[in-house]
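Summary of the model geometry
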Amino acid sequence: LDEDTLRERLLAELERVRVARTHHRSAGIEAQKWLTEELSKPQRRRHLQWIVSRHRATSVVERGTADKQEATRRSSTVALAIEELLESAPTLGPLDAAVTVVVFVDFHCPHSRAYAEHYLRLQREQSDEVRLVFAHLPLEALHPRAGLAAQIAVAAHRQDLFWRSHELLFEIGAEQLEIERVERALSGQSEPSPARFDVARFRTDLNAEAETVIEAHHGIAQRLGVSGTPHTFVNGLPIIGAVGYDE
């Protein structure tokens, strides 16, 4: 094609685009004019109200469906995480309890310490209805010796002495935490007694088993969005922070 022919075709294409744009703009202006002029008429007003209400209803339904799907997904995630947690977590209460209370705790967190009496009281006073599940979440960036406290509790749990260690660790606190002191207290004597408390096994579990369990609990906490202590789940519903007994 020569240069003149190409120029003519280009100009024709540009004119076609201009006409199309003018048509669409005119159509939009006409639609706007129709809405402005006819809106006062009851029939048109009702029609527009129907369109708006239908749009709103559709949005509500879609949002409600999305919320339900998210709630279902969240509930499933929590249920699976708690099921995994039960493989290694200490518990109090019947397996078929109507209410399962999971608490993520740091032994050196002052809020966890104050909260402990509430969740223990709840389980004690509703022992047939409540199952208490303890999860380790030592926050060592805030409490450097909290990891050691958690390890001690895990090792004690291996000898069915978790709840005694639970009381002991909150009582001792970070400053006075010594493994030998815990061993003496768990044995119930001034010196550890092999007949009641296996020191060698305790030391082994303290160094190996405990870290594995604590890492697993940390992973579960991360999946559940738990980043601080105390953090509670009551039948899967989260409660952040320490709350009073009545709450």
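All figures in this text were calculated on a predicted structure; none of them were measured in a lab.

Bringing the confidence of the model for the chain into the picture now. Detail in the predicted coordinates should be disregarded across regions flagged by low pLDDT. Mean pLDDT for the chain: 81, with 68% of residues reaching 70 or above. Across residues 190–194 the pLDDT falls below 50, and counting only partners more than four positions away or on other chains, this stretch makes eight contacts in the model.

This brings us to the sheet that holds strand 3 (residues 130–136). One open sheet holds the five strands; their spatial order is 1-3-2-4-5, and the pairing between them is mixed. Single-partner strands in this sheet number two, and they are strand 1 (91–92) and strand 5 (237–240). Here strand 2 (residues 99–105) runs beside strand 3; their pairing, made up of seven bridges, is parallel. Within strand 3, the position partnered with Val-102 by the bridge is Val-133.

This brings us to the side chain of Ser-112. Position of Ser-112 relative to the elements: it lies in helix 3 (residues 110–125). Of the polar contacts made by the side chain of Ser-112, one reaches the backbone nitrogen of Asp-106; its length is 3.4 Å. Excluding its chain neighbours within four sequence positions, the residues that come into contact with Ser-112 are Val-105, Asp-106, Phe-170, Thr-229 and Pro-230.

Every α-helix winds through 3.6 residues per turn, so residues three or four apart in the chain are directed the same way. Every buried residue belonging to helix 6 (residues 179–187) is among Val-182, Glu-183, Leu-186 and Ser-187, and all of these are buried. Along helix 6, the residues classed as buried sweep out an arc of 130° about the axis, all on the same side. The secondary structure elements touched by the buried residues of helix 6 are helix 4 (146–157), helix 5 (162–172) and helix 7 (199–207).

Another aspect to go through is the pattern of salt bridges. Considering all chains together, one arrives at eight salt bridges under this definition. Among the salt bridges present, the one from Asp-205 reaches Arg-158, with a minimum N-O distance of 3.9 Å. Here Arg-158 lies in the loop between helix 4 and helix 5 and Asp-205 lies in helix 7, a separation of 47 residues in the sequence. Judged by its relative accessible area of 8%, Asp-205 falls in the buried class. A relative accessible area of 39% means that Arg-158 is categorised as partly exposed. Taking the shortest distance from any N to any O, the salt bridge between Arg-201 and Asp-205 comes out at 3.6 Å. On the criterion of helical spacing, the pair formed by Arg-201 and Asp-205 is a turn pair, its members being four residues apart in helix 7. Counted as one network, the salt bridges with shared partners bring together Arg-158, Arg-201, Asp-205 and Glu-209.

Time to look at the packing of aromatic side chains. By convention here, two paired aromatic rings are described through the distance between centres and the angle between planes. What the rule picks out here adds up to eight aromatic pairs. Between Phe-104 and Phe-233, the ring centres sit 6.3 Å apart and the planes meet at 75°, which makes this aromatic pair edge-to-face. You can see Phe-104 sitting in strand 2 and its partner Phe-233 sitting in strand 4 (residues 231–234), a full 129 residues away along the chain. Like Phe-233, Phe-104 is buried. Taking the centre distance of 4.7 Å and the plane angle of 85° together, the rings of Phe-162 and Trp-163 count as edge-to-face. Linked through ring pairs, Phe-107, Phe-134, Phe-162, Trp-163 and Phe-170 together constitute an aromatic cluster.

Moving on, we get to the environment of Leu-122. Position of Leu-122 among the secondary structure elements: in helix 3. Leu-122 gets classed as partly exposed once you look at its relative accessible area, which sits at 30%. Along the primary structure Leu-122 and Asp-246 are separated by 124 residues, whereas in three dimensions their C-alpha atoms are 9.5 Å apart. Once you skip the residues sitting within four places of it in the chain, Leu-122 turns out to touch Val-101, Val-130 and Tyr-245.

Another point: the environment of His-231. Checked against the element boundaries, His-231 lands in strand 4. Separated by 128 residues in sequence, His-231 and Val-103 place their C-alpha atoms 5.8 Å apart. Once you skip the residues sitting within four places of it in the chain, His-231 turns out to touch Val-102, Val-103, Phe-104, Val-226, Pro-238, Ile-239 and Ile-240.

Bringing the nonpolar core into the picture now. Among the nonpolar cores identified, the biggest contains 28 residues, and Val-103, Phe-107, Tyr-119, Val-182, Leu-186 and Phe-202 are the most heavily contacted of them. Taken together, the elements giving at least two residues each to this core come down to strand 2, helix 3, strand 3, helix 4, helix 5, helix 6 and helix 7. If near-sequence neighbours (up to four positions away) are discounted, Phe-107 is found in contact with Phe-134, His-136, Ala-149, Ala-150, Ala-153, Phe-162, His-166, Leu-169 and Phe-170. Within the second largest apolar cluster, 16 residues are counted, among which are Ile-82, Phe-104, Leu-137 and Val-226.

What follows is about unusual backbone geometry. Residue Pro-230 is reached from Thr-229 by a cis peptide bond, and omega for that bond is -5°. The residue Pro-230 is located in the loop between helix 8 (209–223) and strand 4 in this model. With phi around 60°, Asp-160 is a residue other than glycine that occupies positive phi space. Here Asp-160 falls in the exposed class, since its relative accessible area comes to 72%. Even without glycine at this site, Asn-235 takes up a positive phi of about 50°. Structurally, Asn-235 can be placed in the loop between strand 4 and strand 5. Exposure remark for Asn-235: the relative accessible area of 46% places this residue in the partly exposed category.

Rules used throughout
- Residues numbered from 1 in each chain as written.
- Predicted model: local features only at pLDDT ≥ 70, side-chain atom pairs only at ≥ 80, totals over all residues.
- Heavy atoms only, no water.
- pLDDT = per-residue confidence, 0-100.
- Contact = heavy atoms within 4.5 Å.
- Pairing = 2+ DSSP bridges.
- Helix = DSSP H or I, 4+ residues; strand = E, 2+ residues; numbered from the N terminus.
- Polar contact = N/O pair within 3.5 Å; in protein donor to acceptor, adjacent residues only side chain to side chain.
- Buried < 20%, exposed > 50% of the residue type's maximum accessible area, 1.4 Å probe, protein only.
- Arc of directions from axis to C-beta.
- Salt bridge = Lys/Arg side-chain N within 4 Å of Asp/Glu carboxyl O.
- Phe/Tyr/Trp six-rings, centres within 6.5 Å; stacked < 30°, edge-to-face > 60°.
- Core = buried A, V, L, I, M, F, W, Y, C linked by side-chain atoms within 4.5 Å.

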